[in-house]
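Summary of the model geometry
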Amino acid sequence: MTPVIARTREELAAARARLRGTVAFVPTMGALHAGHRSLIRRARELGDAVVVSIFVNPLQFGPNEDLDRYPRTFDDDVAMCAAEGVDLVWAPTPEVMYPVDPQVRLSSGRMGAIVEGAARPGHFDGVLTVVMKLFHQVRPDVAVFGAKDAQQLALVRRMVADLDVPVRIEAVPTVREPDGLALSSRNRYLSDAERATARHLSRALRAGAERVADGPAAVLEAARAVLDEATRADPPLHVDYLVLVDPATFEEVGRDHVGEAVLAVAGKVGTTHLIDNTPLRFGPRES
Ligand code: AMP
């Protein structure tokens, strides 16, 4: 089945009006891979109809980021959507999405200014602004996001709660390569040598997760040791952060933390910015 492809608001409105039942929505920036496929499959389970958006959102890229070279593989993306039974692909151009420079934007607050947001000012404001616009355009009942972008997921949940947005948010676990590397549209920038260095991100997370019974400090220490190795690799990893945070607020947890946490890491290999994370649960420890 070939999905309907809408490129203008009018085409979207007409196609949306024809969808029946529960509408499940997967927002993406295209260059679809097996991680996106997993979101689409979850959406298929949740909805009678599935809408996928493909839009590389200029608002969430900083001036020195990769907006111009971000991979665009529209025909392949539509083929994947067709194979997965997607009903509607919403693919606006930047001019359709932003006919004028938007004056009114969402603010992601403190939560958008820490961890990933600290090095990317305005990034999460841009993400939330486009997600809200997409929600208004598509009017889904449920929207599916990847745990790969854990801070984005937390912020979207927070936006929905803070602003009473009538959309249910569903999360899907991170899909990985057999060697552990989290799938990302940006992986296609990596040379073989860079990829070997990039593998240290997921290795660090696994090393940390193995120490969960020993508490937050041990987790961070074990993960840090793997990242230190990667900073000495050729090419080296430039670590942006390694943090253990509360999954809902992204504030760092203390040494005595009990309960859920996210171990999150980010770094640069060559010119490619990569992020990864893993959920952890700390049980009570004997002191
Ligand atoms: P993007 O196209 O990178 O903006 O991602 C679109 C959606 O796919 C977001 O909700 C991401 O969190 C999700 N996603 C990206 N990579 C993965 C992955 N490896 N596993 C699961 N979800 C992913």
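Note that the structure is predicted; figures quoted are calculated from it, not measured.

**A short note on the pattern of salt bridges**
- Tallying each qualifying case throughout the model produces 17 salt bridges.
- Note that Asp179 and Arg195 form a salt bridge whose closest N and O atoms lie 2.8 Å from each other. Pair noted here: Asp179 is in the loop between β6 (168-172) and α8 (192-209) and Arg195 is in helix α8, with a separation of 16 residues, a long-range link.
- For Arg195, a relative accessible area of 25% corresponds to the partly exposed category.
- The salt bridge partner of Arg203 is Glu229, with a shortest N-O separation of 3.4 Å. Residue Arg203 is found in helix α8, and its partner Glu229 is found in helix α9 (residues 216-231); the two are separated by 26 residues along the sequence.
- Arg203 gets classed as partly exposed once you look at its relative accessible area, which sits at 31%.
- Exposure remark for Glu229: the relative accessible area of 37% places this residue in the partly exposed category.
- Salt bridges linked by common partners bring Arg42, Glu45, Arg168 and Glu170 together as one network.

**Some thoughts on the site of the ligand**
- Neighbouring residues of the ligand: 17 residues in total, closest His36, Gly146, Asp149, Val175 and Leu183.
- Between the ligand and the protein, one listed contact pairs an oxygen atom with a side-chain N or O atom of Asp149 at 2.6 Å.
- The separation between a nitrogen atom of the ligand and a polar main-chain atom of Leu183 is 2.9 Å.
- When isolated, the ligand has an accessible area of 480 Å², and the protein chains bury 92% of it.
- At the level of elements, β2 (23-28), α2 (34-46) and β5 (142-146) are the ones that each hand at least two residues to the shell around the ligand.

**Considerations on the domain arrangement of the protein chain**
- Segmentation of the protein chain into domains returns domain 1 (4-172) and domain 2 (185-280).
- When each unit is reduced to the centre of its C-alpha atoms, the spacing between domain 1 and domain 2 is 26 Å.
- Taken together, the contact between domain 1 and domain 2 spans 23 residues of the former and 19 residues of the latter.
- For the domain 1 and domain 2 pair, buried surface summed over both sides reaches about 1800 Å², with 49% attributable to carbon and sulfur atoms.
- Counting the surface domain 1 buries against domain 2, the share from its top three residues, Arg69, Val115 and Glu116, is 30%.
- At the junction of domain 1 with domain 2, the criterion picks out 2 salt bridges.
- At the boundary of domain 1 with domain 2, the tally comes to 11 residue pairs in polar contact (both at pLDDT 80 or more).
- Ranked by residue count, the leading element in the side of domain 1 that touches domain 2 is helix α7 (residues 150-162), at 3 residues.
- Partitioning the side of domain 1 that touches domain 2 into residue classes produces 11 nonpolar, 5 polar and 7 charged.

**What about helix α3 (residues 74-83)?**
- Residues of α3 that are buried include every one of Asp77, Val78, Met80 and Cys81, and no others. Within α3, the buried residues cover an arc of 160° as seen down the axis, which keeps them to one side. Residues of α3 that are exposed and point more than 90 degrees away from the buried face comprise Asp75, Asp76 and Ala83.
- In the core, the buried residues of α3 are packed alongside β1 (4-6), α2, β3 (49-54) and β4 (88-90).
- Remark: Gly85 follows α3 within two positions and exhibits a positive phi of approximately 75°.

**Thoughts on the packing of α8 against α9**
- At a closest axis distance of 7 Å, the pairing of α8 and α9 adopts a crossing angle of 165°. On the basis of the axis angle, α8 is roughly antiparallel to α9. Note on packing geometry: the crossing formed by α8 with α9 is right-handed. When α8 is examined against α9, the residues Thr197, His200, Leu201, Arg203, Ala204, Ala207 and Gly208 are found in contact with a partner set consisting of Val219, Ala222, Ala223, Val226, Leu227, Glu229 and Ala230.
- Among the residues forming the contact of α8 with α9, the class breakdown is 9 nonpolar, 3 polar and 2 charged.

About the criteria used
Throughout, a residue's number is its position along its own chain's written sequence, starting from 1. This being a predicted model, a pLDDT of at least 70 is required before a residue's local features are given, and a value of 80 or more before pairs of side-chain atoms are given or counted; all residues contribute to the totals for chains, interfaces and linings. Only heavy atoms go into the side-chain values, all of them from the structure, while hydrogens and water stay out. Salt bridges are defined as contacts in which a side-chain nitrogen from Lys or Arg sits within 4 Å of a carboxyl oxygen from Asp or Glu. Put simply, DSSP H or I for four residues or longer makes a helix, DSSP E for two residues or longer makes a strand, and each gets a number counted from the N terminus. Partly exposed residues are those whose accessible area sits between 20% and 50% of the maximum for their type, while under 20% is buried and over 50% is exposed, using a 1.4 Å probe and protein chains only. Note on terminology: near, applied to a residue and a molecule or strand, indicates that one of the residue's heavy atoms is within 4 Å of it. The term polar contact refers here to a pair of N or O atoms within 3.5 Å; inside protein, the definition further demands a hydrogen-donor-capable atom paired with an acceptor-capable atom, and it admits residues adjacent in sequence only when both atoms are side-chain atoms. For every accessible area listed, the method is Shrake-Rupley and the probe measures 1.4 Å; residues are considered covered only by the protein chains on display. Segmentation into domains, and thus their bounds, comes from an automatic or database assignment. Should any heavy atoms of two residues lie within 4.5 Å, those residues are counted as being in contact. The term buried area denotes the loss of accessible surface (1.4 Å probe radius) that occurs when two parts are joined, taken as the sum for both partners. Residue polarity follows a fixed list, in which Ala, Val, Leu, Ile, Met, Phe, Trp, Tyr, Cys and Pro are nonpolar, Asp, Glu, Lys and Arg are charged, and the others, Gly among them, are polar. Here the arc refers to the directions that run from the helix axis out to each C-beta atom. Axes here refer to lines fitted to C-alpha atoms; in helices the fit is confined to the stretch in contact. Angles between the N-to-C directions go from 0 to 180 degrees. Between 65 and 115 degrees an angle is taken as roughly perpendicular, under 35 as roughly parallel, over 145 as roughly antiparallel, and anywhere else as oblique. Each helix crossing is assigned a hand: it is left-handed if the near helix lies turned anticlockwise from the far helix by less than a right angle, otherwise right-handed if that turn is clockwise.

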